[in-house]
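Single-letter residue listing:
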Protein chains: 2
Amino acid sequence: MALTREQLIDAAVSVLSEFGLADLSMRRLARELDVQVGALYWHVKSKQELLVDVAAKLLGKVPQPSMPTRQMAPLAIAALLDQLRSALLTIPDSAEVVQLAQTMRPEALAPLGWLLEFLEHAGIPADQALYARHLLLNHLLGSIAAHQEARALAEEPDAVAHAAGSGQEAFEYGIRVILQGLAVEHPASAE
Amino acid sequence: MALTREQLIDAAVSVLSEFGLADLSMRRLARELDVQVGALYWHVKSKQELLVDVAAKLLGKVPQPSMPTRQMAPLAIAALLDQLRSALLTIPDSAEVVQLAQTMRPEALAPLGWLLEFLEHAGIPADQALYARHLLLNHLLGSIAAHQEARALAEEPDAVAHAAGSGQEAFEYGIRVILQGLAVEHPASAE
DNA sequence: ACCTGAACACCGTTCAAGT
DNA sequence: ACCTGAACACCGTTCAAGT
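Predicted, not measured: the structure shown is a model, and the values here were computed from it.

Criteria and cut-off values
Residues numbered from 1 in each chain as written. Chains lettered and ligands numbered in written order. Predicted model: local features only at pLDDT ≥ 70, side-chain atom pairs only at ≥ 80, totals over all residues. Heavy atoms only, no water. Contact = heavy atoms within 4.5 Å. Buried area = accessible area lost by both parts, 1.4 Å probe. Salt bridge = Lys/Arg side-chain N within 4 Å of Asp/Glu carboxyl O. Polar contact = N/O pair within 3.5 Å; in protein donor to acceptor, adjacent residues only side chain to side chain. Helix = DSSP H or I, 4+ residues; strand = E, 2+ residues; numbered from the N terminus. Nonpolar A, V, L, I, M, F, W, Y, C, P; charged D, E, K, R; others polar. Axes fitted to C-alpha atoms, helices over the stretch in contact; angles between N-to-C directions. Parallel < 35°, antiparallel > 145°, perpendicular 65-115°, else oblique. Left-handed = near helix turned anticlockwise from the far one by under 90°. Buried < 20%, exposed > 50% of the residue type's maximum accessible area, 1.4 Å probe, protein only. Near = heavy atom within 4 Å.

**Brief notes about the interface of chain B and chain A**
Contacts between the two partners involve 33 residues from chain B, matched on the other side by 33 residues from chain A. Summed over both partners, the interface of chain B with chain A comes to about 2800 Å²; 63% of that surface belongs to carbon and sulfur atoms. A per-residue breakdown of the area chain B buries against chain A is headed by B:Y131, B:L135 and B:Y173, which together make up 25% of the total. Our count for the chain B to chain A interface comes out at two salt bridges. Here A:R176 ties to B:E185 by a salt bridge, and the two come within 2.9 Å at their closest N and O atoms. Summed over the shared surface of chain B and chain A, the number is seven residue pairs in polar contact (both at pLDDT 80 or more). Every element with two or more residues in the side of chain B that touches chain A is listed here: helix 6 (94-104), helix 8 (126-155) and helix 9 (168-185) of chain B. For the side of chain B that touches chain A, the element with the most residues is helix 8 of chain B, which contributes 13 residues. Here the side of chain B that touches chain A is built from residues that sort into 16 nonpolar, 13 polar and four charged.

Shown next as structure tokens:
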């Protein structure tokens, strides 16, 4: 039967998961799916568009949390970020893929919409909530990328292990600092 | 006369500045320098190594600040980040290049060493200062990338301008939030 | 020491033509 | 509607051989 867009996305997710972004080429996908390269372009407009769908699929693993009370908003934000982290941490180069998707079609990434809602619910004015989300997202994706590089370097023979700010600890430290900074910047949300 | 490594780096900086990372290929550089591609590999081991030198050159524009007093450390940190931002903001894809360099050979980027010193000087324990630097750097590079994408999208005809967290304002907001969070997390440095 | 020429093993994208 | 075949215009890297 005919190839579907879903199959194409799934194949992309699986190659990414097993081999990383460097091996995720349209030609490789075509080989994997037993079609010619050109066939893929009937289902997606470009590789970038495919990667957006890959990112959406990865983040789709995160369950939608219920809206917290105003006092619980910071906790809910931290919890959501933790969920995002564990959804992405084991997928090589996932940070890069999500970054791309976020700039190409941010509305395709539902959990990032929830994050914004939670921030506003915590008492941060709408315009600044966008900035705050950027801050949190840059930290999340940066931490994930650093963690994955650390693992990659550790596998190479000539690895000098100068990977700091990699692990869970660094991630949580950053979240704590940002949330505290937000509480200072927006005192209304502090209690 | 013979090609030098310096000339190669300069050519790379200039192609990056004018056309961006997508156009910065070894073959293009060879064309620009009137040599065969293979010649470049006598001067650098790989494209990645060249990009590290490009990043170092870009950050080399930032003058070394003198060590601040302990109370002035947060201000000095903010000032240094501002300098880094203006050194990179006009260079397309500079954030990506710096990110690569930072993971490949962090010691090649002197200003990032100063940043770490300032953080420790501000009273942050050495291990956490590494985390804090990551946090600041992710925000810096994230802001620069967002700003450049916003400009890139604005030039395209079918641009939907959903670029928030792009400008100077977003950058400074983030710095403020992080520095405040750090002050809360490390009360010794608060006064 | 420094470079050429040529190869190797790839890319993303397009598109007439087939079924 | 969906795919093939083939082309277009590229990549990074290596290396024998030349000067």
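**Considerations on the packing of helix 5 (residues 73-88) of chain A against helix 9 (residues 168-185) of chain A**
In a packed pair of helices, the relevant descriptors are the angle between the two axes and the axis-to-axis distance. Residue and element names in this part refer to chain A. Taken N-terminus to C-terminus, the directions of helix 5 and helix 9 make an angle of 150°; their axes are 11 Å apart at the nearest point. In terms of orientation, helix 5 and helix 9 fall into the roughly antiparallel class. For helix 5 against helix 9, the interelement crossing comes out right-handed. Of helix 9, the residues touching helix 5 (which contributes P74, I77, A78, L81, D82 and R85) are Q168, F171, I175 and L179. A class-by-class count of the residues in the contact of helix 5 with helix 9 yields seven nonpolar, one polar and two charged.

**Here we look at unusual backbone geometry**
Residues and elements named next belong to chain A. Positive phi, normally seen in glycine, also occurs at D93, with a value near 60°. Within the secondary structure, D93 sits in the loop between helix 5 and helix 6 (94-104). Overall, the relative accessible area of 27% leaves D93 in the partly exposed class.

**Things to note about the packing of helix 4 (residues 47-59) of chain A against helix 6 of chain A**
All names here are of chain A. The interhelical angle for the contact between helix 4 and helix 6, taken along N-to-C directions, is 110°, at an axis separation of 8 Å. With respect to their mutual orientation, helix 4 and helix 6 come out roughly perpendicular. With respect to the hand of their crossing, helix 4 and helix 6 are arranged in left-handed fashion. Between helix 4 and helix 6, the contacting residues are Q48, L51, V52, V54, A55, L58 and L59 on the first element and S94, V97, V98, L100, A101 and M104 on the second. In the contact of helix 4 with helix 6, the residues fall into 11 nonpolar, two polar and no charged.

**With respect to the protein's contact with DNA strand D**
In the vicinity of DNA strand D there are 18 residues, among which A:L3, A:W42, A:H43, B:R27 and B:Y41 approach most closely. The sugar and phosphate moieties of DNA strand D supply 61% of its atoms located within 4 Å of the protein. B:M26 has a polar backbone atom sitting 2.9 Å from a phosphate oxygen of DNA strand D. Secondary-structure elements contributing two or more residues to the surface near DNA strand D are helix 3 (37-43) of chain A together with helix 2 (26-32) and helix 3 (37-43) of chain B. For the surface near DNA strand D, the residue count by class is eight nonpolar, six polar and four charged.

**Observations regarding the pattern of salt bridges**
Applying the stated criterion to the full structure yields 14 salt bridges over all chains. Residue A:R28 pairs with A:E32 through a salt bridge whose shortest N-O separation is 3.4 Å. In this pair, A:R28 and A:E32 both sit in helix 2 (residues 26-33), four residues apart, roughly one turn of the helix. B:E49 is the partner of B:R5 in a salt bridge, and the nearest nitrogen-oxygen pair spans 3.2 Å. Here B:R5 is found in helix 1 (residues 5-19), whereas its partner B:E49 is found in helix 4 (residues 47-59), with 44 residues between them in sequence. Assessed through its relative accessible area of 31%, B:R5 is described here as partly exposed.

**Examining the protein's contact with DNA strand C**
The immediate surroundings of DNA strand C are formed by 18 residues, with A:R27, A:Y41, B:Q36, B:W42 and B:H43 found nearest. When the atoms of DNA strand C within 4 Å of the protein are sorted by group, sugar and phosphate make up 62%. Within the contact set of DNA strand C, a phosphate oxygen lies 2.5 Å away from a side-chain nitrogen or oxygen of A:Y41. Contact between DNA strand C and B:Q36: a phosphate oxygen at 2.7 Å from a main-chain N or O atom of the residue. With four residues, the single largest contributor to the surface near DNA strand C is helix 3 of chain B. A breakdown of the residues in the surface near DNA strand C according to their chemical character gives eight nonpolar, six polar and four charged.

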